[in-house]
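Observations on chain architecture
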Amino acid sequence: MSVLTSPYRPSADAPEEGRHASATLAAAVLGFFVITLDATIVNVALPSIREALGGGITGLQWVVDGYTLMFAALLLSAGVLSDRIGARRALAGGLTLFVIASLACGLASSLGVLVAARVVQGLGAAVTMPTSMALVRHAFPDPVARARAVGVWAMGGAAASVAGPVLGGLLSLASWRMIFWINLPVGVITLLLLSRAPHSPVRPAPFDWIGQVTAVMAMGGLTFAAIEAGEAGLGAPQVLSALIVAVAACAVFVAAQAKGAHPMVPPELFRSATVVIATAIGFAFMVGFYGLPFLFSLSFQQQHGLSALGAGLAFGPMMLLSACLTPFSAWIVERTGPRPPIIAGLALIAAGSLTLALVPTSAPVWVSALLLVPVGMGGPLVMPPTTALLLEHVPAHQAGTAGGVFNTSRQVGGALAVAVFGALISASGGFEHGLHVSLAVAAAIAVLAALAASRMTARRASQPS
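The rules behind the values
Residues numbered from 1 in each chain as written. Predicted model: local features only at pLDDT ≥ 70, side-chain atom pairs only at ≥ 80, totals over all residues. Heavy atoms only, no water. Helix = DSSP H or I, 4+ residues; strand = E, 2+ residues; numbered from the N terminus. Contact = heavy atoms within 4.5 Å. Areas by Shrake-Rupley, 256 points an atom, 1.4 Å probe, with all protein chains shown as cover. Core = buried A, V, L, I, M, F, W, Y, C linked by side-chain atoms within 4.5 Å. Buried < 20%, exposed > 50% of the residue type's maximum accessible area, 1.4 Å probe, protein only. Expected span 1.5 Å × (residues − 1). Salt bridge = Lys/Arg side-chain N within 4 Å of Asp/Glu carboxyl O. pLDDT = per-residue confidence, 0-100. Axes fitted to C-alpha atoms, helices over the stretch in contact; angles between N-to-C directions. Parallel < 35°, antiparallel > 145°, perpendicular 65-115°, else oblique. Left-handed = near helix turned anticlockwise from the far one by under 90°. Nonpolar A, V, L, I, M, F, W, Y, C, P; charged D, E, K, R; others polar. Phe/Tyr/Trp six-rings, centres within 6.5 Å; stacked < 30°, edge-to-face > 60°. Patch = residues over 30% accessible without salt bridge, like charges linked within 9 Å, V, L, I, M, F, W, Y side chains within 5 Å. Polar contact = N/O pair within 3.5 Å; in protein donor to acceptor, adjacent residues only side chain to side chain. Arc of directions from axis to C-beta.

Topic: the overall build of the chain
- Across its full length, the chain holds 19 helices and zero strands.
- In the chain, the proportion of contacts linking residues at least 24 apart, taken out of those at least 6 apart, comes to 83%.
- Summed over its atoms, the accessible surface of the chain is roughly 18900 Å², and 70% of this surface lies on carbon and sulfur atoms.

Brief notes about the nonpolar core
- Residues Ile 35, Leu 114, Ile 281 and Phe 296 are the most contacted members of the largest nonpolar core, which totals 115 residues.
- Here the element with the most residues in this core is helix H11 (residues 273-303); it accounts for 16 residues.
- Among residues more than four places away in sequence, those in contact with Leu 114 are Ile 49, Leu 53, Val 63, Cys 105, Ala 108, Trp 176 and Phe 180.
- Of all hydrophobic cores here, the second largest spans nine residues; its members include Ala 26, Ala 27, Leu 135 and Leu 193.

Notes on helix H10 (residues 237-259)
- Compared with an ideal rise of 1.5 Å per residue, which puts 23 residues at 33 Å, H10 spans 33 Å between its outermost C-alpha atoms and is within 8% of the ideal.
- The set of residues buried in H10 consists of Val 239, Ala 242, Ala 246, Ala 249, Phe 253, Ala 256 and Gln 257.

As for the environment of Phe 285
- Tracing the sequence through the fold places Phe 285 in helix H11.
- The spatial distance from the C-alpha of Phe 285 to the C-alpha of Gly 413 is 7.7 Å, given a sequence separation of 128 residues.
- When residues no more than four places from it in sequence are discounted, the contact partners of Phe 285 are Ile 349, Gly 378, Gly 379, Val 382, Met 383 and Arg 410.

Focus: the pattern of salt bridges
- Under the definition given, this model contains two salt bridges.
- The salt bridge involving Arg 335 is made with Glu 334; its shortest N-O contact spans 3.6 Å.
- On the basis of relative accessibility, which here comes to 51%, the residue Arg 335 falls in the exposed class.
- Under the relative-accessibility criterion, Glu 334 is labelled exposed at 66%.

Re the confidence of the model for the chain
- When pLDDT is averaged along the chain, the result is 82; 89% of the residues meet or exceed 70.
- For the stretch residues 1-14, pLDDT sits under 50, and the model shows 23 contacts to residues farther than four places along the chain or on other chains.

Some remarks on the packing of helix H13 (residues 316-325) against helix H17 (residues 373-392)
- Taken N-terminus to C-terminus, the directions of H13 and H17 make an angle of 25°; their axes are 8 Å apart at the nearest point. Judged by the angle between their axes, H13 and H17 are roughly parallel. You can see that H13 and H17 cross each other, and the crossing is right-handed. For the pair H13 and H17, the contacting residues are Pro 317, Met 318, Leu 321, Ser 322 and Leu 325 in the first and Val 373, Val 375, Gly 376, Met 377, Pro 380 and Leu 381 in the second.
- Residue composition of the contact of H13 with H17, grouped by class: nine nonpolar, two polar and no charged.

Considerations on the packing of aromatic side chains
- This structure, assessed with the given rule, holds six aromatic pairs.
- Taken together, a centroid distance of 5.7 Å and an interplanar angle of 45° make the contact between Phe 296 and Phe 300 tilted. Placement of the pair is Phe 296 and Phe 300 together in helix H11, with a separation of four residues, close to one helical turn.
- Classification of Phe 300 by relative accessible area gives buried; the value is 0%.
- Through a chain of ring-to-ring contacts, three or more aromatic side chains come together here, namely Phe 296, Phe 300 and Phe 315.

Points about a nonpolar patch on the surface
- Taken together, the side chains of Val 213, Met 217 and Val 245 define a hydrophobic patch exposed on the protein surface, amounting to about 230 Å² of accessible area.
- Judged by relative accessible area, Val 213 falls into the partly exposed class, the value being 44%.

Thoughts on the side chain of Thr 128
- Tracing the backbone shows Thr 128 in helix H5 (residues 111-139).
- Within polar-contact distance, the side chain of Thr 128 engages the backbone oxygen of Gly 124 at 2.8 Å.

Focus on the packing of helix H15 (residues 339-358) against helix H19 (residues 431-453)
- The interhelical angle for the contact between H15 and H19, taken along N-to-C directions, is 165°, at an axis separation of 8 Å. What the angle tells us is that H15 and H19 run roughly antiparallel. Pair H15 / H19 crosses with left-handed handedness. For the pair H15 and H19, the contacting residues are Arg 339, Ile 342, Ile 343, Leu 346, Ile 349, Ala 350, Ser 353, Leu 354, Leu 356 and Ala 357 in the first and His 436, Leu 439, Ala 440, Ala 442, Ala 443, Ala 446, Val 447, Ala 449, Ala 450 and Ala 453 in the second.
- When grouped by side-chain class, the residues that make up the contact of H15 with H19 number 17 nonpolar, two polar and one charged.

Quick word on the side chain of Asn 183
- Considering the arrangement of structural elements, one finds Asn 183 in helix H8 (residues 183-194).
- Engagement of the side chain of Asn 183 in a polar contact is seen with the side chain of Ser 102, the distance being 3.0 Å.
- Leaving out residues up to four positions away in the same chain, Asn 183 has contacts with Val 34, Asp 38, Phe 98, Val 99, Ser 102 and Gln 121.

Brief notes about helix H2 (residues 46-53)
- Turning to H2, its buried residues number three or more, namely Leu 46, Pro 47, Ile 49 and Leu 53. Buried residues in H2, looked at end-on, bunch into an arc of 160°, giving them a common side.
- Looking at the residues trailing H2, positive phi occurs at Gly 54, about 85°.

A few points about the environment of Phe 33
- Residue placement: Phe 33 occurs in helix H1 (residues 15-40).
- Residue contacts for Phe 33: discarding those within four places in its chain leaves Gly 156, Ala 159 and Ala 160.

What follows is the structure in structure tokens.
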């Protein structure tokens, strides 16, 4: 189904509503596509960026994590913004900010400017993702049509994940700046489509300022400490100071959520062990699925001398098979239940990571490319059933909050993976040693998540009357 074709079939007397629904869906899909693309397209261009702007592994980590960190930190509050000003207006504002920041990324004259622009990109992406989903919900009141629309929306993210590495390599042949400028025409088209979407409903929604500020401080402090520890060491003053800030901010955040009148993360959400485990699985999954492409983008180019395009093509089997397996995820769950595919997917990630850890960096590129395939196959086996189990164990009125917490845990997992793995490969042991240790860590985390998944249940939470 084309992203420009609405799954909602309007009656003959409502052609205008049908056109509005089609435009709304197209805008939502393109918005989700472009922010997901920006998380996957950058990795293969990192060596080119370092060659042009300077800096070591630490600087490259911030190019990736500046985006991911702000994305994660503001995701919890983005839903509130959507409610307060309307999904259409919030999406337009987030996407406009994202496009402007993309232009600034492409024009960056130094690594510091690029990182700052990436942070602003992450802010725009944090608003765009949940509001694009809310926009689809408002545009399709019929449950059947909405389910189809959500499926089309989700394919936007899947397509971006597959296209990111190869498209990044192709654009880098001209200039690494093109990987950011490609967002401009896509963003403009999305905003034009959005102008045809109907206005979204608004409602008063309280904002948890203490929770939001402390969340940014906690995530930022922890990520900064992990990145800087690679070069400065764990005992460095800036690393210890960042850890102290992270711990203090985390303590204030927990207290604010427990005692606040309108917490971003209601404590009762975690009374279900399955909700806690699902959130941990989201974190563990992204450690492998986000951290390994970061590692091997550098390995393929620095250790094997591949071009950016060659590195992108090396990720092709991993991403392509992941996309091909995605449509069968629901079919598998229907026949086996949710736990077996979750455990199998995490086991594949662990097996792929551990096997890669045993392969020397002198091995041919095709060996690593094939061993990355199990990691890619883990995605469609783990994420859809984990999301379904999560939503089964929360009341309907907390589904949006639970989704925000789940996606935040995923983004934090990706950000910390880049931070820690980057620190390991830049440590005194050398690139190969750091690569193998990082892969062993990813495998261990996936194994622990698989063991935790075995304790998840399929019992539904009671719904409020």
